[in-house]
Amino acid sequence: MPQSTTPKQRTSERITLALQGGGAFGAFQAGVLQALHEAGIRIDACCGSSIGAINAALYFGNEPARRIERLRAFWHGVSVPGSAWREEALHTLWPPTGGLHSRTLRRMLAEADQTYALHLGLPGFFVRRADIPWVIGTGNPGDASVFDTRPLSRTLSDLCDFELLNRSSVQVSVVAANAASGAAHYFSNHDGGLDAARIMASGALPPWFPAVEIDGAWYWDGSLATAAPMRHLVANAPAATRTTILRADLWSCDGPLADNLVDVDIRMKNIEHASRAALFNDALQESQNLESLLAYALSRIDSSQRQTDPQLIEAAALAQPKNLRVVGIDYERSQCEAHFKDSQFGKTAIDEHWANGRRAAEAALSQIDTA
């Protein structure tokens with residue numbers, strides 16, 4: 001499908017994008033962004049967390065014609081060096097025969113990719129610290145991590161035009177968790193501006209990555225705050241305008257029963273992250289229903305009472321459900337037969353996540369009115 005650089009004309013409906021965190025699964029979001037780009041979908045606002053913040057910066061921090069190119073440069077650049085060549089060589093020496101043999105080989109290669117990253121780091125992303133403060137601290141919260149993420153700072157500076165991002169008409173926000181209070185904190189290109197440090201703060205997952213200091217406060221990964229990208233987009237949706245939120249979550253509650261430790265780890269993380277997102281989604285739906293019911297109940301009360309009773313006036317202010325529609329472009333195959341983990345950055349895993357994201361977004365586009 002040819003790439004589009006011209007957004008399609010549509011109604012006054014706002015389209016916003018929520019990008020959740022999930023490590024290597026974030027390549028799924030890159031595939032989603034490619035599909036939206038090729039379809040000419042104009043995004044009005046985006047909120048990202050962790051790897052979602054990186055994807056958002058790379059996409060909206062470049063001219064349309066370069067967005068997918070820059071996303072590919074990042075994802076291919078941070079993949080495990082030589083993983084594609086190693087897999088090809090191993091397949092030649094030990095040809096897959098399908099079934100259990102193929103699954104076992106894929107898992108062995110993926111586990112090797114994870115071992116490489118945990119011991120040596122990933123190019124342009126992070127390197128392992130030589131001296132890790134396991135018990136005795138240095139007095140600097142930025143030292144308390146397994147990895148040093150300064151390579152990521154250089155990568156973001158090379159691949160993202162932050163001046164362009166901060167001039168963009170698209171409101172791009174990223175969320176980080178205040179390491180002292182635990183509260184979600186949002187940084188925006190329209191409110192103070194975004195830079196590499198703020199993007200890295202959103203992805204500072206402890207204990208692997210160091211906290212990032214911004215304006216005297218220290219921040220950790222935004223994924224520590226429940227459903228933070230969705231919360232921000234819902235809170236900032238105007239009441240008078242229909243808003244569609246495209247939700248690109250990277251975890252799934254549903255999945256196969258685990259009978260080995262690799263699958264147990266994958267299953268545990270999916271339940272942990274997806275259940276928190278599901279809790280917010282359920283609360284949002286319940287809130288919208290209650291607001292609609294309250295509006296109906298108030299309509300059955302005499303207008304003179306509604307205009308003079310202080311409690312009814314307060315109730316009327318609350319009975320204004322926003323015109324929201326959530327379209328899930330979620331990674332339902334995050335526990336597919338490949339069983340890749342969020343920490344496995346091999347090229348095969350990245351390419352598969354990307355392709356799955358593109359397919360999922362293309363399937364969801366029919367729910368978006370672009371007429």
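As recorded in an unreviewed UniProt entry, the chain goes by Patatin-like phospholipase family protein and comes from Paraburkholderia phenoliruptrix.

It is worth spelling out the overall build of the chain at this point. Scanning the chain from terminus to terminus reveals 13 helices and 10 strands. When the accessible surface of the chain is summed, it comes to about 17500 Å², and 55% of that surface belongs to carbon and sulfur atoms.

Using the criterion set out here, one finds 15 aromatic pairs in the structure. When the centroid spacing of 5.4 Å and the interplanar angle of 85° are considered together, the rings of F74 and W75 count as edge-to-face. The exposure class of F74 is buried, given its relative accessible area of 1%. Residue W75 is classed as buried on the basis of its relative accessible area, which comes to 0%. A ring pair is formed by F147 and W208, whose centres lie 6.0 Å apart and whose planes are at 25°; its orientation type is stacked.

Now for the environment of L294. Inspection of the secondary structure puts L294 in helix 10 (residues 261-299). Residue L294 is classed as partly exposed on the basis of its relative accessible area of 29%.

Membership of the largest hydrophobic core comes to 74 residues, with the highest contact counts inside it found for I43, F60, F74, W75, F125, L246 and F345. Of the residues forming this core, the biggest block, 8 residues, is contributed by helix 2 (residues 51-60). Setting aside anything within four residues of it in sequence, one finds F125 in contact with F74, V78, D148, T149, P151, L152, F209 and F345. Among the nonpolar cores identified, the runner-up in size contains 12 residues, and A45, A227, M230 and L284 belong to it.

Among the residues of helix 3 (residues 67-77), R67, I68, R70, L71, F74 and W75 are the ones counted as buried. The buried residues of helix 3 all sit within an arc of 160° when viewed along its axis, so they share a single face.

Buried residues dominate strand 2 (residues 45-49), accounting for 5 of its 5 residues. Residues A45, C47 and S49 point to one face of strand 2 and C46 and G48 to the other, with burial holding for every one of them. One ladder, built from 4 bridges, connects strand 1 (residues 14-19) with strand 2; its direction is parallel. Following the sheet pairing, T16 is matched in strand 2 by A45.

As a further point, take the pattern of salt bridges. Pairing is possible between side chains that carry opposite charge, provided their charged atoms lie close to one another. Counting across every chain of the model gives 16 salt bridges. Across the pair D342 and K269 runs a salt bridge whose closest N-O atoms are separated by 3.0 Å. One end of the pair, D342, is in the loop between strand 10 (324-328) and helix 13 (347-364); the other, K269, is in helix 10, with 73 residues separating them in the sequence. Measuring nitrogen to oxygen at the nearest pair gives 3.6 Å for the salt bridge that ties R358 to E362. Of this pair, R358 and E362 both sit in helix 13, separated by 4 residues, roughly a single helical turn. Taken together, the shared-partner salt bridges in this structure form one network comprising E13, R242 and R325.

What counts and what doesn't
Residues numbered from 1 in each chain as written. Predicted model: local features only at pLDDT ≥ 70, side-chain atom pairs only at ≥ 80, totals over all residues. Heavy atoms only, no water. Helix = DSSP H or I, 4+ residues; strand = E, 2+ residues; numbered from the N terminus. Areas by Shrake-Rupley, 256 points an atom, 1.4 Å probe, with all protein chains shown as cover. Phe/Tyr/Trp six-rings, centres within 6.5 Å; stacked < 30°, edge-to-face > 60°. Buried < 20%, exposed > 50% of the residue type's maximum accessible area, 1.4 Å probe, protein only. Core = buried A, V, L, I, M, F, W, Y, C linked by side-chain atoms within 4.5 Å. Contact = heavy atoms within 4.5 Å. Arc of directions from axis to C-beta. Pairing = 2+ DSSP bridges. Salt bridge = Lys/Arg side-chain N within 4 Å of Asp/Glu carboxyl O.

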